[in-house]
Amino acid sequence: MTDWSDWNERREHLGKAIGAYSSVAPDTVSSILALNGASAKSGHLDAKTRELIALAVAATTRCDGCITIHAAEAVKAGATREEIGEALSVAIALNAGAALVYSTRIMDAFDAAKKADG
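Presented here is a report on the structure given in the accompanying data block. The residue numbering used here restarts from 1 in each chain and proceeds along that chain's sequence as written. The model is predicted, so local features are restricted to residues of pLDDT at least 70 and side-chain atom pairs to those at 80 or more, both for listing and for counting; the totals for chains, interfaces and linings are taken over all residues. With hydrogens and water excluded, all non-hydrogen atoms of the structure serve as input to the side-chain values.

## Considering the packing of helix 3 (residues 47-61) against helix 4 (residues 64-76)
The description of two helices packed together rests on the angle between their axes and the distance between the axes. Axis definition: a line fitted to C-alpha atoms, limited for helices to the stretch in contact. Angles are taken between N-to-C directions and run from 0 to 180 degrees. Think of it this way: any DSSP run of H or I at least four residues long counts as a helix, any run of E at least two long counts as a strand, and we number them from the N terminus. For the pair helix 3 and helix 4, the least separation of the axes is 9 Å and the interaxial angle reads 160 degrees. Relative to helix 4, the element helix 3 lies roughly antiparallel. For the crossing formed where helix 3 meets helix 4, the hand is left-handed. Contact residues: helix 3 offers Glu 51, Ala 54, Leu 55 and Ala 58, while helix 4 offers Cys 66, Ile 67, His 70, Ala 71, Glu 73 and Ala 74. Only Asp, Glu, Lys and Arg are considered charged, only Ala, Val, Leu, Ile, Met, Phe, Trp, Tyr, Cys and Pro nonpolar, and every remaining residue, Gly among them, polar. Of the residues in the contact of helix 3 with helix 4, the class split is seven nonpolar, one polar and two charged. Any angle from 65 to 115 degrees is called roughly perpendicular, while one under 35 is roughly parallel, one over 145 is roughly antiparallel, and all others are oblique. Crossing handedness follows the turn of the near helix against the far one: under a right angle anticlockwise gives a left-handed crossing, and clockwise gives a right-handed one. Whether two residues are in contact is decided by their heavy atoms: any pair within 4.5 Å suffices.

Laid out in structure tokens, this is it:
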């Protein structure tokens, strides 16, 4: 069994696994890679900013594959640990905010169910 606590090993494995998957679904993989590259073409954000956003999104979507790939890309783009910490703080705040917003929806649904129950 693979030790997934080694992020570098995980990233290497993921690259091989995606390569193998591309032999089964080449259009899907090439489309995802094209989509990933499309964000860089506008030039409005620099690579470091895009990687900080990617890591924040990876935290909110709980994507280990995204984390391992974009952490390495963030290093290459010159991101600091402090910048990553700040980007992740935004992700944490948005997750908490989303939970608050959905909590109000749950309370509305509960109240509607209680009202319907009579």
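Structure shown, so let's carry the discussion forward.
## A closer look at unusual backbone geometry
Excluding glycine, most residues fall at negative phi; most peptide bonds, likewise, are trans. The phi torsion at Arg 62 lies on the positive side, around 55 degrees, for a residue other than glycine. With respect to the element layout, Arg 62 can be found in the loop between helix 3 and helix 4. Summary of the burial criterion: residues with accessible area below 20% of their type's maximum are buried, those above 50% are exposed, and those between are partly exposed, where the area comes from a 1.4 Å probe applied to protein chains only. Of the residues examined, Arg 62 reaches a relative accessible area of 69% and is grouped as exposed.

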